[in-house]
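Structural characterization, general
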Amino acid sequence: MFAKLDRLKDRYLELNEEITQPDVVADYPKYQACLRELQSLEAIVSEYNRYLDVTARLSEAESLSSDPEMAEIAKAEADELIPVRAELLESLKYMLVPPDPLDNRNVILELRAGAGGEEAALFTGDLLRMYRLYAQGNGLDFSPVSVDESDLGGVNEALITVSGKDAYGLLKFESGVHSVKRVPVTESAGRIHTSTATVAVFPEAEEVELTINPEDIRIDVYHASGHGGQGVNTTDSAVRMTHIPTGMVVTCQDERSQLENKAKALKVLRSRLLDRQRSGQAAEKAGQRRELIGTGDRSEKIRTYYFNHDYVTDHRLSLTVNRVSGVMNGGLQPFTEALRLAEKTERMKSLRV
């Protein structure tokens with residue numbers, strides 16, 4: 001660990017020198033690359049320098065402890081510095097944990113209404129809006145692939161692509177069953193009902209990662225439709241793509257061009273198939289499953305939205321956030337930050353000191 005920190009510090013000093021060289025300053029792309037690398041190292045090198053400073057002060061205090069005149073002062077300083085050094089060490093271990101290589105991937109987001117009839121569809125629509133606001137608040141592009149609306153304006157099923165920096169990192173913990181407890185608009189007696197929606201989040205696959213045999217795909221085209229089945233154009237632009245070996249189906253009608261819808265559907269299908277492959281590999285390695293933050297399985301209940309008590313609870317961390325409206329308006333940060341911290345803490349345990 002410390003050898004790696006020393007290498008990072010040496011590299012930081014090299015970069016500081018490099019960006020002052022005339023040939024580097026004159027080469028704008030190279031200068032920008034050096035500057036980005038320098039900025040990426042700044043936080044951990046600064047923390048390491050603090051650790052080295054505290055360690056040196058602690059060593060000095062311990063050396064003075066044998067001097068009768070300085071022993072009391074030295075002990076007091078050592079007692080103060082020991083927990084500081086321990087805290088800095090944990091911080092450095094955390095900062096050294098490499099990020100999930102998939103975090104910067106774009107996302108395929110699926111939502112499906114579960115138990116609860118029309119109320120489940122209305123709740124799914126609320127979740128769809130929540131994710132749209134959360135994505136926009138984080139500078140992400142939120143693009144529908146297909147949305148099947150219910151009779152009362154809810155959502156039976158939705159397929160969305162979310163793209164931008166850290167898209168998967170921000171959304172990957174949303175997979176699972178979301179539950180709501182509230183009085184539905186369809187309830188005349190004012191009774192509280194429980195409804196559910198299923199969310200699946202997987203990183204967008206790159207073409208080179210998985211090859212799909214064209215003979216394994218069946219494509220059906222039809223008129224795109226709006227709410228209630230109303231046709232939104234007069235051409236067969238909507239696409240239903242079926243992967244014959246698995247029975248997996250993807251529909252796309254967001255684009256007006258059939259070609260664009262085919263390309264989008266193929267991208268979603270490839271991502272789904274790769275996600276299934278990765279999930280199978282993870283299941284074989286049960287030790288890699290993270291008990292603290294859940295498995296990401298779609299059947300796992302991860303969060304409940306208590307409208308009647310005005311709070312939301314994430315069951316993986318027993319974390320409760322007040323004000324349902326704040327969460328439903330895109331305020332997922334408390335959950336995202338806590339879950340990412342939990343993930344990194346788990347990964348940190350495998351780091352050798």
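I will try to describe carefully the structure that is included in this document. (Residues numbered from 1 in each chain as written. Predicted model: local features only at pLDDT ≥ 70, side-chain atom pairs only at ≥ 80, totals over all residues. Heavy atoms only, no water.)

Let's talk about the layout of surface pockets
Spelled out, the test is: The definitions used throughout rest on a 1 Å grid laid over the protein atoms alone, on which a cavity is an enclosed set of points accommodating a 1.4 Å probe that cannot get out and a pocket is an open set flanked by protein within 12 Å on both sides along at least five of seven lines; lining residues are those having an atom within 4 Å of a point. Grid points are joined across faces, edges and corners, and a volume is the space filled by probe spheres set on the points. Secondary structure is summarised from DSSP: a helix means a run of H or I of at least four residues, a strand means a run of E of at least two, and numbering begins at the N terminus for each. Gly is placed with the polar residues, together with every amino acid not listed as nonpolar (Ala, Val, Leu, Ile, Met, Phe, Trp, Tyr, Cys and Pro) or charged (Asp, Glu, Lys and Arg).
By volume, the second largest pocket is sized at about 370 Å³. Around the second largest pocket sit 14 residues that line it, and Pro 99, Asp 103, Asp 166, Arg 340 and Lys 344 are the ones nearest its centre. Ranked by residues supplied to the lining of the second largest pocket, first place goes to helix H9 (residues 333–348) with five residues. Broken down by class, the residue content of the lining of the second largest pocket amounts to five nonpolar, one polar and eight charged.

Here we look at a nonpolar patch on the surface
What counts here: In this scheme, patches are assembled from residues that exceed 30% relative accessible area and form no salt bridge. Like charges are connected within 9 Å, while nonpolar side chains (Val, Leu, Ile, Met, Phe, Trp, Tyr) are connected within 5 Å. We get accessible surface area from the Shrake-Rupley algorithm with a probe of 1.4 Å; when it comes to residues, only the shown protein chains can shield them. Salt bridges are defined by distance alone: a side-chain nitrogen of Lys or Arg within 4 Å of a carboxyl oxygen of Asp or Glu. The rule is simple: take the accessible area with a 1.4 Å probe, protein chains only, and divide by the maximum for that residue type; under 20% is buried, over 50% is exposed, in between is partly exposed.
On the surface, a nonpolar cluster with roughly 240 Å² of combined accessible area is contributed by Leu 64, Met 70 and Ile 73. A residue is classified by how much of its surface remains accessible, and Met 70, at 30% relative accessible area, is partly exposed.

A look at the sheet that holds strand S10 (residues 311–314)
Basically, it comes down to this: Paired strands, in this sense, are two strands between which DSSP finds at least two bridges. An axis is simply a line fitted to the C-alpha atoms; with a helix, the fit covers only the stretch in contact. Between two such axes, the angle follows the N-to-C directions and lies from 0 to 180 degrees. Here a residue-residue contact requires only that any non-hydrogen atoms of the pair lie within 4.5 Å.
If you trace the eight strands from one edge of the open sheet to the other, you get S2-S3-S1-S5-S4-S9-S10-S11, paired in mixed fashion. Among the strands making up the open sheet, the edge pair consists of strand S2 (141–149) and strand S11 (319–322). Between one strand axis and the next, the sheet turns through 15° on average, direction left out of account. As paired elements, S10 and S11 share four bridges and run antiparallel to each other. Note on S11: the bridge partner recorded for Tyr 311 is Asn 322. Docked against the sheet, H9 engages strand S9 (301–306), S10 and S11, running at close to 160° with respect to S11.

What to know about the packing of aromatic side chains
Operational definition: Stacked, tilted and edge-to-face pairs are distinguished by plane angle, under 30 degrees for stacked and over 60 for edge-to-face with tilted covering the rest, among Phe, Tyr and Trp rings (Trp via its six-membered ring) whose centres lie within 6.5 Å. Only Lys NZ and Arg CZ are tested; either one counts as a charge over a ring when it is within 6 Å of the ring centre and within 35 degrees of the ring normal.
A full pass over the atoms with the stated rule returns three aromatic pairs. Where Phe 2 meets Tyr 51, the ring centres are 5.6 Å apart and the plane angle is 25°; that geometry is what we call stacked. One end of the pair, Phe 2, is in helix H1 (residues 2–18); the other, Tyr 51, is in helix H3 (residues 28–64), and 49 residues separate them in sequence. Ring centres of Tyr 306 and Tyr 311 lie 4.8 Å apart, and the angle between their planes is 35°; on these two criteria the pair is classed as tilted. Judged by relative accessible area, Tyr 311 falls into the partly exposed class, the value being 25%. Against the face of Phe 335 rests Arg 303, its NZ or CZ located 4.5 Å from the ring centre.

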